[in-house]
Amino acid sequence: MKEKQVHMTEENRIQANPAIYWLNKIPFLGPVSINKMRCHAGGFSAIYNIEGTEWIRQGILKEKELATFNEAKKCYTKAVSEYHSLKDQGIKFITILDPSYPKRLLELPDSPVGLFVKGEPPKDSMPSIAIIGSRNATQYGLEVARCFGKELAREGIQIISGLAAGIDGAGHKGALEGGGSTYGILGCGINICYPKENFYLYDQIIEKGGLISEYRLGEPPRARNFPIRNRIISGLADAVFVVEAREKSGSLITVGIALEQGKEVFALPGRITDFGSRGCNQLIQSGAALVSSPGDLLEYFGMKFCKKLYLYEKSEKGLAKKEKMVYSCLDLQVKHLEDIVSQSGLPLSECMMILLDLELKGFIQCTGGSYYGRKLS
């Protein structure tokens, strides 16, 4: 929308941003409605001065919403005070009037008028890719997402995802391991970490990138919020990479939005018997680019690299005989300790010591509950 790209003086922006924050707190007002109000009023600040009945006449508000809107007007001063206290909470409220607002999002017809940010937003000058997939991912999918995130981040590509359990979290984790930047797009208020098990990522991402949400502070992670926030995940990315997805999943909703936005879609192929990979296989059948290595994605971005980047399992060279024996019992799909003991033929105590050594050497990982699996290099 051309209206969103109007340049404002610093004075006008300072006046408008608190008004946008206030509007953002009104539950039934989305970005499209707010921009219609702005166009009619001649600016964000002027919206407050217009009676609610006028918005009904304009078809922007419904009769049943009038009372809530009028009640919100009574809380305007409180909202402005909240806006000015955000900095003390380590939160920025970036609006479409700010130079730091991501330019990729300005291209969307329903770009958020305001974004809550902890850390920093993605850099417009750097390439970015969304790594998305199933919350109930396999160990193989988690390892692939982590390794791709790591290799791509090392090459300077920003990793975008939704901080969800499963593939999202693995992509973020890999980006952090690669020393790059990663950005989590939340489906709740930015002062809420969801899911709770990703709290360690929540803190680290703030230091190495940023957390972003269009939802007001304290907004719980409602199911309806996540499909809406997906447009921001794809909107901030130059391309979308799907690692594992079922036939009907939130990841495929993001893919649909990405295609509407004109973004390139990549997918990791899976075995035809893997229920969790059926969505990816269907995407490839429909024209999504098949990905077999991080190098495939780097080539898309036109980046030069010294060698073809393939994911591989670590060489067994240097391992002791019994370590090789236990290592050979494992693959990327995790196995329970009892199965490893049975397959290796070693006593339980000895097998556990070897597994610990292999874990310390970075060959395997324990995923909890006495399950072990190989790690990709």
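What you are looking at is a predicted structure, and each value in this text was computed from that prediction instead of being measured.

## Observations concerning the state of the cysteines
No. 1: Enumeration over the complete set of coordinates arrives at 0 disulfides.
No. 2: Unpaired in terms of disulfides, Cys366 finds its nearest cysteine sulfur in Cys351, a separation of 12 Å.
No. 3: The exposure class of Cys366 is partly exposed, given its relative accessible area of 32%.

## Regarding the nonpolar core
No. 1: Among the nonpolar cores identified, the biggest contains 68 residues, and Trp22, Leu23, Phe44, Trp55, Ile160 and Val242 are the most heavily contacted of them.
No. 2: Of the residues forming this core, the biggest block, 6 residues, is contributed by helix H1 (residues 10-24).
No. 3: Setting aside chain neighbours within four positions, we find Phe44 in contact with Ala16, Ala19, Ile20, Leu23, Ile34, Asn35, Arg38, Ile96, Leu97 and Val113.
No. 4: Counting residues in hydrophobic clusters, the runner-up holds 25 residues, among them Phe266, Leu297, Leu298 and Leu332.

## Describing the pattern of salt bridges
No. 1: Applying the stated rule across the entire model yields 18 salt bridges.
No. 2: For Arg146, the salt bridge is made with Glu143, and the minimal N-O distance between the two is 3.0 Å. With a gap of 3 residues between them, Arg146 and Glu143 both fall in helix H7 (residues 139-154), about one helical turn apart. No difference in accessibility class separates Arg146 from Glu143, as the two residues are buried.
No. 3: A salt bridge links Arg146 to Glu177; the nearest nitrogen and oxygen atoms lie 2.6 Å apart. In this pair, Arg146 sits in helix H7 while Glu177 sits in helix H8 (residues 167-177), placing the two residues 31 residues apart along the sequence.
No. 4: Through salt bridges with shared partners, a single network forms among Asp110, Glu214 and Arg231.

## Quick word on the sheet that holds strand E10 (residues 335-336)
No. 1: Strands sit in the order E10-E12-E11 across an open sheet of 3 strands; the sheet is antiparallel. With one partner strand each, in any of the chains shown, E10 and strand E11 (364-368) form the two edges of the open sheet.
No. 2: In this structure, E10 lies alongside strand E12 (residues 371-374), joined through 2 bridges in antiparallel fashion. Bridging from a neighbouring strand, His336 pairs with Tyr371 of E12.
No. 3: Sitting on the sheet, helix H16 (residues 348-360) touches E11 and E12, and the angle it makes with E11 is about 110°.

## Focus on the environment of Ala288
No. 1: By the secondary structure assignment, Ala288 is in the loop between helix H12 (278-285) and strand E9 (289-290).
No. 2: On the accessibility criterion, Ala288 (12% relative accessible area) is buried.
No. 3: As for Ala288 and Lys317, which are separated by 29 residues in sequence, their C-alpha atoms are 38 Å apart.

## Some remarks on the sheet that holds strand E7 (residues 239-242)
No. 1: Here we have 9 strands laid out as an open sheet, ordered E1-E2-E6-E5-E4-E3-E7-E8-E9, and mixed in their pairing. Each edge of the open sheet is held by one strand with a lone partner, namely strand E1 (92-95) and E9.
No. 2: Relative to strand E5 (residues 182-185), strand E4 (residues 158-161) runs parallel, the two being bridged by 3 bridges. Pairing of Ser161 across the sheet is with Gly184, part of E5.
No. 3: Contacts from H12 reach E7, strand E8 (264-267) and E9, with the element oriented near 130° to E8.

## Here we look at unusual backbone geometry
No. 1: Of note, the amide linkage connecting Tyr194 to Pro195 takes the cis form, showing an omega dihedral of -5°.
No. 2: Within the element layout of this structure, Pro195 appears in the loop between E5 and helix H9 (199-208).
No. 3: One non-glycine residue, Leu163, lies in positive phi territory at about 55°.
No. 4: Structurally, Leu163 is set in the loop between E4 and H8.
No. 5: Of the residues examined, Leu163 reaches a relative accessible area of 0% and is grouped as buried.
No. 6: Residue Ser370 is not a glycine yet carries a positive backbone phi of 65°.
No. 7: Locating Ser370 in the fold gives a position in the loop between E11 and E12.
No. 8: The exposure class assigned to Ser370 is partly exposed, which follows from its relative accessible area of 31%.

## Comments concerning the pairing of E4
No. 1: Residues Gln158 and Ile160 point to one face of E4 and Ile159 and Ser161 to the other, with burial holding for every one of them.
No. 2: Taken together, strand E3 (residues 128-132), H7 and E4 constitute a β-α-β crossover, and its handedness is right-handed.
No. 3: Once the chain exits E4 it traverses H8 before rejoining the sheet at E5, and the crossover so formed is right-handed.

Calculation criteria
- Residues numbered from 1 in each chain as written.
- Predicted model: local features only at pLDDT ≥ 70, side-chain atom pairs only at ≥ 80, totals over all residues.
- Heavy atoms only, no water.
- Disulfide = S-S within 2.5 Å.
- Buried < 20%, exposed > 50% of the residue type's maximum accessible area, 1.4 Å probe, protein only.
- Core = buried A, V, L, I, M, F, W, Y, C linked by side-chain atoms within 4.5 Å.
- Helix = DSSP H or I, 4+ residues; strand = E, 2+ residues; numbered from the N terminus.
- Contact = heavy atoms within 4.5 Å.
- Salt bridge = Lys/Arg side-chain N within 4 Å of Asp/Glu carboxyl O.
- Pairing = 2+ DSSP bridges.
- Axes fitted to C-alpha atoms, helices over the stretch in contact; angles between N-to-C directions.
- Right-handed = clockwise from strand over helix to strand, strands pointing away.

Functional significance is not addressed by these values, which are geometric in nature.
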